[in-house]
Amino acid sequence: MEKEEFINLISEKMKLVRTEQGFSQDKMSEILGISKKTLVQIEKRRTEANWTTVVAFCALFNHSELLISSIGDNPVDFVQLIASKNGGTPKEKTMGGKIWWKEIEYRGDFRLQQNLISNHYRILDQYDYRWHSSFNKEESLSRLNELQEAGTIEIDRGTGMGIYEE
């Protein structure tokens, strides 16, 4: 999914999420730091939100069931993926892909998954920590090979940081 497609998707969902959260247009525009007129234009689909508004919206409503089900992943993680374009995201604990993900490949302690909604890829380790995210399958397979060749990993449960062991 490209940045423009994501902006369009989020713009389409703003009214629904506002309703889900029980906010008036006045309150939502105040929360997002935009004018009520701009919010009305976005909700009526006369214009799209700008990137800054989309980022703020995803950060503020990252627990919205509607938003998560529309994207198939944490909205903030998705924003980071689009913004980085190189797939660099922080290594963090995930839920392991029980919902929204299908397994593509396994290599050693790592597995490649594809999101069923957005079709982006991610690599998780045996403890469900994310090591890579990308829209590019070949890049993800290459990274999976690199991780597998580096050896097994140990996770410091206190910090969640991974350590390679040869």
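First things first, this report covers the structure right here in the doc. Keep in mind that what you see is a predicted model, and the values were worked out from it rather than measured. (Residues numbered from 1 in each chain as written. Predicted model: local features only at pLDDT ≥ 70, side-chain atom pairs only at ≥ 80, totals over all residues. Heavy atoms only, no water.)

**Section: the overall build of the protein chain**
Phase 1 of the analysis: Check the secondary structure of the protein chain and you find seven helices and six strands.
Phase 2 of the analysis: For the protein chain, the sequential pattern of α-helices and β-strands runs α-α-α-α-α-α-β-β-β-β-α-β-β.
Phase 3 of the analysis: When contacts within the protein chain are restricted to residue pairs at least 6 apart in sequence, those whose partners lie at least 24 apart make up 52%.
Phase 4 of the analysis: When the accessible surface of the protein chain is totalled, it reaches about 8,900 Å², and 49% of it is carbon and sulfur. (Helix = DSSP H or I, 4+ residues; strand = E, 2+ residues; numbered from the N terminus. Contact = heavy atoms within 4.5 Å. Areas by Shrake-Rupley, 256 points an atom, 1.4 Å probe, with all protein chains shown as cover.)

**Notes on the packing of aromatic side chains**
Phase 1 of the analysis: By the definition in use, this model includes six aromatic pairs.
Phase 2 of the analysis: Relative to Phe135, the ring of Phe78 has its centre 5.9 Å away and its plane inclined at 90 degrees; by these criteria the two rings are edge-to-face. Here the residue Phe78 occupies a position in helix H6 (residues 75–84), and Phe135 occupies one in the loop between strand S4 (130–134) and helix H7 (137–150), the gap between them amounting to 57 residues.
Phase 3 of the analysis: Residue Phe78 is classed as buried on the basis of its relative accessible area of 1%.
Phase 4 of the analysis: Ring centres of Phe110 and Trp131 lie 5.9 Å apart, and the angle between their planes is 90 degrees; on these two criteria the pair is classed as edge-to-face. With Phe110 in strand S2 (residues 110–115) and Trp131 in strand S4, this residue pair connects regions lying 21 residues apart in the sequence. There is no split in this pair, since Phe110 and Trp131 are both buried. (Phe/Tyr/Trp six-rings, centres within 6.5 Å; stacked < 30°, edge-to-face > 60°. Buried < 20%, exposed > 50% of the residue type's maximum accessible area, 1.4 Å probe, protein only.)

**Brief notes about the layout of surface pockets**
Phase 1 of the analysis: Quantified by volume, the largest pocket comes out at close to 480 Å³.
Phase 2 of the analysis: Lining of the largest pocket is provided by 21 residues; of these, Ile68, Asp73, Asn74, Met95 and Trp100 occupy positions nearest its centre.
Phase 3 of the analysis: The element that contributes the greatest number of residues to the lining of the largest pocket is helix H5 (residues 65–71), accounting for three residues.
Phase 4 of the analysis: Here the residues of the lining of the largest pocket sort into five nonpolar, eight polar and eight charged. (1 Å grid on protein atoms, 1.4 Å probe; cavity = no way out; pocket = protein on both sides within 12 Å on 5 of 7 lines; lining within 4 Å. Points joined across faces, edges and corners; volume = space filled by probe spheres on them. Nonpolar A, V, L, I, M, F, W, Y, C, P; charged D, E, K, R; others polar.)

**Here's the deal with the nonpolar core**
Phase 1 of the analysis: Formed by 21 residues in total, the largest nonpolar core has its most connected members in Phe6, Ile10, Met14 and Phe57.
Phase 2 of the analysis: Elements that contribute at least two residues to this core include exactly helix H1 (3–21), helix H2 (25–32), helix H3 (36–43), helix H4 (51–60), H5 and H6.
Phase 3 of the analysis: The element best represented in this core is H1, accounting for six residues.
Phase 4 of the analysis: With near-sequence residues (within four places) excluded, Met14 lies in contact with Met28, Leu32, Leu39, Ile42, Glu43, Ala49, Thr53 and Phe57.
Phase 5 of the analysis: Core analysis: the next-biggest nonpolar cluster, separate from the first, contains eight residues, Phe110, Leu112, Ile123 and Leu144 among them. (Core = buried A, V, L, I, M, F, W, Y, C linked by side-chain atoms within 4.5 Å.)

**Comments concerning H1**
Phase 1 of the analysis: Here H1 contains 19 residues, and its C-alpha end-to-end distance of 25 Å stays within 8% of the 27 Å for a straight helix at 1.5 Å per residue.
Phase 2 of the analysis: Of all the positions in H1, only Phe6, Ile7, Leu9, Ile10, Ser11, Met14, Val17 and Arg18 are classed as buried.
Phase 3 of the analysis: Of the residues trailing H1, Gly22 is marked for its positive phi of about 75 degrees. (Expected span 1.5 Å × (residues − 1).)

**Let's talk about the sheet that holds S2**
Phase 1 of the analysis: Reading across from one edge, S1-S2-S3-S4 is the order of the four strands in this open sheet, with antiparallel pairing throughout. Each end of this open sheet is capped by a strand with a single partner; those strands are strand S1 (101–107) and S4. Across the sheet, the mean angle from the axis of one strand to that of its neighbour is 20 degrees, orientation sign disregarded.
Phase 2 of the analysis: Inspection of the sheet shows S2 paired to strand S3 (residues 121–125) by five bridges, in the antiparallel sense. Following the sheet pairing, Gln114 is matched in S3 by Tyr121. (Pairing = 2+ DSSP bridges. Axes fitted to C-alpha atoms, helices over the stretch in contact; angles between N-to-C directions.)

Bear in mind that shape data such as this cannot, by itself, settle questions of function.
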